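Residue-level listing of the chains:
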Amino acid sequence: MYFLPLFIGLPLFGAFVLSLIKPRRVGDVLANLINLSLLVISFLLLRFGTLVYKIGGWEPVNGIPIGIYWVKDGLSTLMLIIVNLVALMATIFSVNYMERFTEKNRYYCLFLLMLAGMNGVILSGDMFNLFVFLEIASIASYSLVAFGTGAEELEAAFKYQIMGTIASSFILFGIALLYSYTGTLNMADMARVLATKGTAPVVFVGALFIMGFGMKAAIMPFHAWLPDAHPSAPAPISAMLSGVLIKVLGIYALIRIIFNVFGITPVLSDILMVLGTISLMVGGLLAIGQRDFKRLLAYSSISQVGYIILGIGLGTPLGILGGLLHLLNHSVFKSLLFLNSGAVVYATGTRDMQKLGGLNGKMPVTGGSSFIASMSIAGVPPFSGFWSKLVIIIACLFANRFGFAIWAIVGSIITLAYYMKVQRDVFFGPLREDLRETKEVPGFMKFSMIILAVLCVSMGLLLIPQLRNILLTPAVEVLKNGIEYAGLISY
Amino acid sequence: MSEIVKTVSRIFAPLIIVFGIYVTLHGHLTPGGGFAGGLIIAGAVVLLVLAYGGEREKLEGEKKSTSRLESSGILLFWLVAVLGLVVGGIFFLNIMGKGLPFTIFSAGIIPVCNIAIAVEVGGAISTILLALVLFEKDEN
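These numbers come from a predicted model, not from an experiment.

This part takes up the nonpolar core. All names here are of chain A. Core analysis: the largest hydrophobic core is formed by 209 residues, its most contacted members being V121 and C456. Among the elements that make up this core, the one with the highest residue count is helix α10 (residues 235–262) (20 residues). Apart from residues no more than four positions distant in its own chain, C456 is found in contact with V332, F333, L336, I372, A373, S376, F383 and S384.

This is the structure in structure tokens:
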């Protein structure tokens, strides 16, 4: 309870202090220490059940909440662990990688602001507070995409900013409409009012939210900014954006509102599943044709987000379990793949796959870890991605949605195809003449890639009942119980 | 700029700053507050920079100090929030006396937050303005 505010307080402190001081070593040490302690705290949270934290100690008046509530339940704990794990790996990677950029401390400052925003979105139980944190994370990410300040980066960041702002306005309109209807901003209270007063505004507001959060999550018709923005950022930031940002700002916020505030209906469930299936097919097909390493990974993110939406949109406990496990797995292997691409750029200076080849001999750690990540994301047993995709497909079959199951299988084959292409073009085959001088990347970069690769291999174990009951089952329970979330108000 | 503009801005800038401080300090009593007060103070800086201009090096030094001011303002706000956590165990707890309503020393930590926001916003807006002026100088 006492340490919930640290998820916002610590990264904000780091961000503000690092904007004041120059020495690079201070930035390296401070950012890594903060992320390490946040990861430790988020694992400690597993020992607690549901916690409600009232900011400023504002108690409810006549049972009506007047202050901002933060809510930690099973789903938030899972998300906090994912976010802070990927953030720690990204900052460890940055120690070496960002040496080639100027203003390293400004980079850490923006990074920590983005992290504070994401932790805030996860913890917030208040609609407008969620929007504020969402904007903090988004605005920090716009500037991080532009961090290289080349023409391409600036163009991508501009596009990202315009699309992101449109998405935020949709979300704000939706929140305003809900507020005027229910007279409250507290999400639990809102769920209670909607359940008693009727769910009249849910159709229109739901459409606004699917557009807004869908744009943040890069679900298919709203995906156009992602293939520009994610490759342009520095590699650790690409890992954060594809690994966790789209999931927290998009998927987490969307499912939290749809399941816990509105209550999932068959129509909403169908919309989510159809959007998910379109994303996973089209994203995958577009990825096949890419020559740019990071751009291919960005299209692959769209495709994998489709799987998550498909699984969770199914609405059955098994589907939600598969969706959440795939969310966890995808943040690990996609951030690993982006770190791999960063290592390749660091060592060779290019990310055009036609100019690369045979790097396995020169960069064994990068090559090996990227092989594990590719097999994992393609769903080859026994790596982690196989298990989550298997659960999603089985869940579709159990729910008699055979069509969706077939699309999911086809999508998985397409994924395997384009990751085989990555492996063949970049890491296997004969070494090119101009790459003879390539060296393996420095120690910190190797360290974070190895840790993530180990996780890729071992995360299928989370399905074992003993481990599942610690991490995944509480998160599934939260979504399965739906608008019983309203009961939090009595805390 | 002409002598008239310079003289008028020299006379008005201190008044604008005083008004900005007034809006900030009465933020919990009257319309306005830290954000508005900070903007008004930054307005005085805009006026002076436009009227007097300055050498590149001088403006760059000023940008550095306004940027530092901004960071310390936001750090002060952070400190107010964390003091609640340290003293009372709750983030953003009101740790100061609530005072008599409608007097200047009332509303607990809100005036302190307003001052922090004013420093932050004033610093940020001035930094943005100076960055734009410096950018313009680079273009020419």
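So, next bit.
Another point: unusual backbone geometry. Looking along the chain, the bond that leaves P381 of chain A and enters P382 of chain A is cis, with omega of 5 degrees. One can find P382 of chain A in the loop between α14 (364–378) and α15 (384–398).

So, on to the interface of chain B and chain A. Tallying the contact residues gives 13 residues for chain B and 11 residues for chain A. Looking at the side of chain B that touches chain A residue by residue, the classes come out as 9 nonpolar, 3 polar and 1 charged.

For the rest of this paragraph, the subject is the UniProt feature "transmembrane region" (unreviewed entry) in chain B. Residue and element names in this part refer to chain B. Per the UniProt annotation, the sites labelled "transmembrane region" (unreviewed entry) are residues 12–29, 35–53, 74–96 and 102–135. The span residues 74–96 is 65% helix and 0% strand, and its two end C-alpha atoms sit 19 Å from each other. In this annotation, residues 102–135 is assigned 76% helix and 0% strand; the end-to-end C-alpha distance for the span is 45 Å.

Look at the UniProt record and you will see "domain: NADH:quinone oxidoreductase/Mrp antiporter transmembrane" (unreviewed entry) annotated at residues 124–415 of chain A. Structurally, residues 124–415 of chain A is divided into 80% helix and 0% strand, and its ends, taken at the C-alpha atoms, are 35 Å apart.

With that settled, consider the UniProt feature "domain: Na+/H+ antiporter MnhB subunit-related protein" (unreviewed entry) in chain B. The UniProt entry lists residues 4–126 of chain B under the feature "domain: Na+/H+ antiporter MnhB subunit-related protein" (unreviewed entry), expressed in the numbering used here. Here residues 4–126 of chain B is 74% helix and 0% strand, with 24 Å between the C-alpha atoms at its ends.

This brings us to the pairing of strand β2 (residues 69–72) of chain A. Residue and element names in this part refer to chain A. Side-chain alternation along β2 places Y69 and V71 on one buried face and W70 and K72 on a second face that is also buried. Both strand β1 (residues 51–54) and β2 contribute to a ladder of 4 bridges, which runs antiparallel. Bridged to Y53 within β2 is W70.

Each α-helix winds once per 3.6 residues, and so residues spaced three or four apart point in a common direction. Across its 24 residues, helix α3 (residues 74–97) of chain A extends 34 Å between first and last C-alpha, which sits within 8% of the 34 Å expected from 1.5 Å per residue. Most of α3 of chain A is tucked away: 22 of the 24 residues are buried.

Parameters and conventions
Residues numbered from 1 in each chain as written. Chains lettered and ligands numbered in written order. Predicted model: local features only at pLDDT ≥ 70, side-chain atom pairs only at ≥ 80, totals over all residues. Core = buried A, V, L, I, M, F, W, Y, C linked by C-beta atoms within 7 Å. Buried ≥ 20, exposed ≤ 12 C-beta atoms within 10 Å, placed from the backbone. Helix = DSSP H or I, 4+ residues; strand = E, 2+ residues; numbered from the N terminus. Contact = placed C-beta atoms within 7 Å. Nonpolar A, V, L, I, M, F, W, Y, C, P; charged D, E, K, R; others polar. UniProt positions renumbered as here; feature names shortened; annotations may be inferred. Pairing = 2+ DSSP bridges. Expected span 1.5 Å × (residues − 1).

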